[in-house]
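Residues per chain are reported as follows:
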Amino acid sequence: MNELWWKIGGISACSAIISGAYGGHGLKKKVTDVARQDYWKTAQQYHLYHSFALFLVPFSTQQNIVGPMFLTGILLFSGSLYNLSLTNRKIGLSPIGGFLFMAGWVILGMTLDKSLFLRN
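All values derive from a computational prediction rather than experimental measurement.

Caption draft 1: Focus on the packing of aromatic side chains. Under the counting rule described, the total for this entry stands at seven aromatic pairs. On the basis of an interplanar angle of 50° and a centroid distance of 4.5 Å, the ring pair of Trp40 and Tyr82 is categorised as tilted. One end of the pair, Trp40, is in helix H3 (residues 34-54); the other, Tyr82, is in helix H4 (residues 63-87), and 42 residues separate them in sequence. You'll find Trp40 and Tyr82 in the same group, each marked buried. Put simply, the rings of Tyr46, Tyr49, Phe77 and Phe101 touch in pairs and so form one group of aromatic residues.

Have a look at this one:
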């Protein structure tokens, strides 16, 4: 199961980097509104942060809860902001994604396998 979350995290981080490159170069040709460009930047930052969080999932005793929370949070939070930036239409999923991020961090912190970090 560890390798799965590392693979998902790597693919997600790569897509966040691609998104950042597009936001810094191609998006400005399509979207001239600075506020909408800022939505993209926020989406990309949280996408990248939580891609790195996916690399921590294997250190949790509750991988089957924490991993899907972070992954779904990326899809809902960042996805809805990417959409808002491109289409200027709110789909209202970012608060749910944000809640999943917060809950994922809390559960990760509570379920870390401490034996991996503490010496006897």
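Next comes the rest of the write-up.
Caption draft 2: Geometry of unusual backbone geometry. The backbone of Asn88 shows a phi angle near 60°, a positive value even though the residue is not glycine. Tracing the chain through its elements places Asn88 in the loop between H4 and helix H5 (94-111).

Caption draft 3: Fine view of the side chain of Ser60. Positionally, Ser60 belongs in the loop between H3 and H4. Ser60 gets classed as buried once you look at its relative accessible area, which sits at 4%. Ignoring sequence-local partners within four residues, the contact set of Ser60 consists of Val66, Leu108, Thr111 and Leu112.

Caption draft 4: View of the environment of Arg89. One can find Arg89 in the loop between H4 and H5. Classification of Arg89 by relative accessible area gives exposed; the value is 60%. Residues Arg89 and Gln44, spaced 45 residues apart in sequence, show a C-alpha to C-alpha distance of 18 Å. Setting aside its immediate chain neighbours within four residues, Arg89 contacts Asn83 and Leu84.

Caption draft 5: Broad picture of the nonpolar core. Formed by 17 residues in total, the largest nonpolar core has its most connected members in Leu54, Val57, Val66, Phe70, Leu81 and Phe101. Among the elements that line this core, the one with the most residues is H4, at seven residues.

Caption draft 6: Region of the structure containing the packing of helix H1 (residues 2-24) against H3. Two elements in contact, H1 and H3, have axes whose closest approach is 8 Å; the angle formed by their N-to-C orientations is 160°. As far as their axial angle goes, H3 and H1 are roughly antiparallel. For the element pair H1 and H3, the recorded crossing hand is left-handed. Along its contact with H1, which presents Trp5, Ile8, Gly9, Ser12, Ala13, Ser15, Ala16, Ile17, Ser19, Gly20, Tyr22 and Gly23, the element H3 presents Trp40, Gln44, His47, Leu48, Ser51 and Leu54. Grouping the constituent residues of the contact of H1 with H3 by class yields nine nonpolar, nine polar and no charged.

Caption draft 7: Up close: the confidence of the model for the protein chain. Looking at the protein chain as a whole, its pLDDT mean stands at 95, while 98% of the residues score no less than 70. By mean pLDDT, the top-scoring element of the protein chain is H4 (98), and the lowest-scoring one is helix H2 (residues 27-30) (92).

Parameters and conventions
- Residues numbered from 1 in each chain as written.
- Predicted model: local features only at pLDDT ≥ 70, side-chain atom pairs only at ≥ 80, totals over all residues.
- Heavy atoms only, no water.
- Phe/Tyr/Trp six-rings, centres within 6.5 Å; stacked < 30°, edge-to-face > 60°.
- Helix = DSSP H or I, 4+ residues; strand = E, 2+ residues; numbered from the N terminus.
- Buried < 20%, exposed > 50% of the residue type's maximum accessible area, 1.4 Å probe, protein only.
- Contact = heavy atoms within 4.5 Å.
- Core = buried A, V, L, I, M, F, W, Y, C linked by side-chain atoms within 4.5 Å.
- Axes fitted to C-alpha atoms, helices over the stretch in contact; angles between N-to-C directions.
- Parallel < 35°, antiparallel > 145°, perpendicular 65-115°, else oblique.
- Left-handed = near helix turned anticlockwise from the far one by under 90°.
- Nonpolar A, V, L, I, M, F, W, Y, C, P; charged D, E, K, R; others polar.
- pLDDT = per-residue confidence, 0-100.

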